[in-house]
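Residue strings, one per chain:
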Amino acid sequence: MPRYVLAAMGVYGREVAREERPAAPSLTMVAAYGDLHGCDYVTVSQGESVGLYARDPEGTWDAVSPGTDAVTADEMRLWFELTHHYPGPDGADPNHPLGRAPQPGAVGRIDERRAIALVQEHIATGGLDYPVQGLAADRFAAGWSVYAPVDVDDSDPMAFLDMPVGRSVFMVGDTGRIKEVTSAIPPGQAHALFTAEEAFVRRPPAEEAFMNDLKAEFERLDAESGRPGAIADFTVVGTPPEEMTAARVTALTDEIARQLALCGPQQWERMVAAFSCAVSAERADLCFWQHEQPMEARVPEQIALLVRRQRHLAAAMPAGPWLRLMIAVTKGPGGQAQVSTQYDYGDERLPEGQLLAPTHYRNDLAAYPRAGVPAWLQTYAGANGRRTASPSTAPPRTAPPRSAPPCTAPPRSDPPRPEAPERPFVDSLVGWTTHVVADSRRITYGRDSLAWEEIEWVRYPVSRTKHLGFLIPSTYTNTYTYGVGRYGDSPASLGNLTWSKGGKRAEAPEGWLALVEFAQRVLEPRLLAERLDLIRRGGSFTIGEMRVHRDGLTLRGVMDAAWGSLADIEVANGLVSIHERGRQQPVRVSLGSANAVLLPRIVAAMAG
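Small disclaimer: the values here were computed from a predicted structure and weren't measured. (Residues numbered from 1 in each chain as written. Predicted model: local features only at pLDDT ≥ 70, side-chain atom pairs only at ≥ 80, totals over all residues. Heavy atoms only, no water.)

Turning to the sheet that holds strand β7 (residues 143-147), a few remarks are in order. Hydrogen bonding along the main chain pairs the strands of a sheet, whether they run parallel or antiparallel. Ordered in space as β6-β7-β8-β9, the four strands form an open sheet in which the pairing is antiparallel. The open sheet has two edge strands, β6 (136-140) and β9 (178-182), and neither has a second partner. Neighbour to neighbour, the strand axes of the sheet diverge by 25° on average, direction disregarded. In this fold helix α3 (residues 112-126) packs onto β6, β7, β8 (168-173) and β9, with an angle of close to 125° to the strand it touches most, β8. This element, helix α4 (residues 187-202), spans β6, β7, β8 and β9 of the sheet and lies at about 30° to β8. (Pairing = 2+ DSSP bridges. Helix = DSSP H or I, 4+ residues; strand = E, 2+ residues; numbered from the N terminus. Axes fitted to C-alpha atoms, helices over the stretch in contact; angles between N-to-C directions. Contact = heavy atoms within 4.5 Å.)

The next point concerns the packing of aromatic side chains. When we look at a pair of aromatic rings, we describe it by the centre distance and by the angle of the planes. Enumeration according to the criterion identifies eleven aromatic pairs in this entry. Centre to centre, the rings of W376 and Y380 are 6.4 Å apart; their planes meet at 45°, and the pair counts as tilted. Pair noted here: W376 and Y380 are both in helix α9 (residues 375-381), with a separation of four residues, about one helical turn. Look at W376 and you get buried, because its relative accessible area is 15%. For Y380, a relative accessible area of 22% translates into the label partly exposed. Look at Y460 and Y482: their rings are 6.1 Å apart centre to centre, the planes differ by 15°, and that puts the pair in the stacked class. Linking Y460 in the loop between β19 (457-459) and β20 (462-467) with Y482 in strand β21 (residues 475-485), this pair joins segments that are 22 residues apart in sequence. (Phe/Tyr/Trp six-rings, centres within 6.5 Å; stacked < 30°, edge-to-face > 60°. Buried < 20%, exposed > 50% of the residue type's maximum accessible area, 1.4 Å probe, protein only.)

We now examine the nonpolar core. By size, the foremost hydrophobic cluster in this structure holds 50 residues, and its most contacted members are I443, W452, Y482, V548 and I602. Sort the elements by how many residues they give to this core and helix α10 (residues 510-536) lands first, with ten residues. Grouped together as the second largest cluster of nonpolar side chains are 44 residues, L252, A257, A337 and Y345 included. (Core = buried A, V, L, I, M, F, W, Y, C linked by side-chain atoms within 4.5 Å.)

Mapped onto the elements, H312 comes out in helix α7 (residues 301-314). When the C-alpha atoms of H312 and R203 are compared, they prove to be 8.9 Å apart, with 109 residues separating the residues in sequence. Those residues in contact with H312 that sit more than four places away from it in its chain are V201, R202, R203 and Y368.

Once that is clear, we can look at the environment of L135. Its location among the elements puts L135 in the loop between α3 and β6. Overall, L135 belongs to the buried group, its relative accessible area being 12%. Placed 13 residues apart in sequence, L135 and A148 show a C-alpha to C-alpha distance of 4.7 Å. Apart from residues lying up to four places away in sequence, L135 is in contact with I116, V119, Q120, I123, Y130, V146, Y147, A148 and P149.

As a further point, take the pattern of salt bridges. Applying the stated criterion across every chain yields a total of 31 salt bridges. One salt bridge connects E530 with R526, and the closest N-O pair in it is separated by 3.2 Å. With a gap of four residues between them, E530 and R526 both fall in helix α10, about one helical turn apart. One salt-bridge network, in which partners are shared between bridges, spans R177, K179, E197, E198 and R202. (Salt bridge = Lys/Arg side-chain N within 4 Å of Asp/Glu carboxyl O.)

Judged from the six bridges that link them, strand β1 (residues 4-9) and strand β2 (residues 15-21) form a sheet pairing that is antiparallel. Residue V5 lies in a different strand from β2, and its bridge partner there is E20. If you look at the hairpin formed by β1 and β2, you'll find five residues sitting between the two strands, and G13 has a positive phi there, around 85°.

Mapping R55 onto the fold places it in strand β4 (residues 49-55). Note on R55: relative accessible area 16%, which makes it buried. Among the polar contacts made by the side chain of R55, one reaches the side chain of D35 at a distance of 2.5 Å. Polar contacts involving the side chain of R55 include one to the main-chain carbonyl oxygen of C39, which spans 2.8 Å. Sequence-distant contacts of R55, defined by excluding residues within four places in its chain, comprise D35, G38, C39, D40, T60, W61, F80 and H85. (Polar contact = N/O pair within 3.5 Å; in protein donor to acceptor, adjacent residues only side chain to side chain.)

Right, let's talk about unusual backbone geometry for a bit. That bond from Y86 to P87 is cis: its omega, 0°, falls within 30 degrees of zero. Residue placement: P87 occurs in the loop between α2 (70-85) and α3. For E292, which is not glycine, the phi torsion reads 65° and is therefore positive. The topology assignment puts E292 in the loop between β11 (281-290) and β12 (293-297). With phi around 65°, N595 is a residue other than glycine that occupies positive phi space. Looking at the secondary structure, you find N595 in the loop between β29 (587-590) and α11 (599-607).

We now examine a negative patch on the surface. Where like charges cluster on the molecular surface, the negative patch consists of D129, E180, E507 and E510. Looking at the secondary structure, you find D129 in the loop between α3 and β6. (Patch = residues over 30% accessible without salt bridge, like charges linked within 9 Å, V, L, I, M, F, W, Y side chains within 5 Å. Areas by Shrake-Rupley, 256 points an atom, 1.4 Å probe, with all protein chains shown as cover. Lys, Arg positive; Asp, Glu negative; His and termini not counted. Charge placed at Lys NZ, Arg CZ, Asp CG, Glu CD.)

And the structure:
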């Protein structure tokens, strides 16, 4: 009779309690068991299969992995800890597995000049509106914080109003990876999270970590013995064999596929993901098919962390780290699924849409010295054999084998590989945790999404609030709002995307500016043409409380003006001011009203 073992796990991966049960526990039972022992993680084991359950910061329990091996379950536990709990309200813990900065590796620590040069190149290639001269850098555990210093006139008590609020800071890891964060996040928290990300990706396998800790303890005891050198040699032999590494890489790939599956629509039938990676950058493309219609989706940063970890483990294989990973999943009858995986080691030049900048491949060749670098990659990266072995010593390609997928569907041919989905032109954080993502086809915020062709109205007002101080200088809050939607049924979240920045002369957020530019260039011409056509066919519509119709503009009780009686129209201070001949005061419509930005051109077209 099968037995199920429940184990409550602490934050450091140690068992707090365990018990056996004759039947598989429900999610409710697992949650009650974890709550009873005050733990965020519970594993349910049956033989070699281990299921991992976790509690999020709001207290909700869910399955992270329904069934894998013990080592992969521990990988997923650390991943969930990193993406949901770490570093926590008490800050980073140096004893936590994620609190220790990773070893520098083959490259060693980069110096200050190299960190600044990498950020300058990142700014230039990305076309970022950020100064490249006079950058400063501060060292922290896993790399450098690079930023543009702000000079403040200490003699001017109002000078602090000119200081930028929420300006970007670039964290550069020792592998060359760059992460852009806002200065509104406390530096200690940003450094702790970046260090934890690097530690998660680059930590050694369990066996090697154990032997490294054991070696460190021997060296400590040796130093304390008063006879340094008493222990003449200590060789780490804990590296797992190739077969074990391949099995772990495969198991983690299955977990990546499971997490990717949650990013698509509920009734998807096929999924293909393509990752192009180097140690300091990656590109991710994800596409689902439903009723043979392709739908692109964004790969969350949390899943990108798992992909980086899988690649780091795969780098220990004789073939070295892959350059591209393709994962395809096809659903079969009864919820069964087939997973297929392909590794691209760069034997041929990568497609242009998935080729990274040369500096990233130079970083990769330095971090993972390998035998037999393809000629095109040496030329493209400018590596010239740097830190690589002789091609004559290159072993045959032995990619991690595919294990039997967690399903019973018979093998079938791989689904066709799609072209790489389009990269978004906006991927901007709105609020604290959710990004708005937009490409030429659609805009998405959280779970809400609209195709641009569906949109019937736009708005993007800007407002400034002055907070009067008593005995202290006044402060300012600038609010940038962007909204799109359909009349009637429309996702509420997409109608009120809001960025806030402090300062008397704050710069508009880049994400907001890009969305406004797209709306003015693509949406407004279509919406204007549709509204003018509606008016000329005898129809009407409202903008705010103003009714727009074939004969003119009507605001009940205030204005009923024919097109020919309108003298002027102005846009200023968040308002559209409409002047009528013979009226002293204009009638105003807020730019916060849907399609108010179209009013000046509607009036110009109809009055003309």
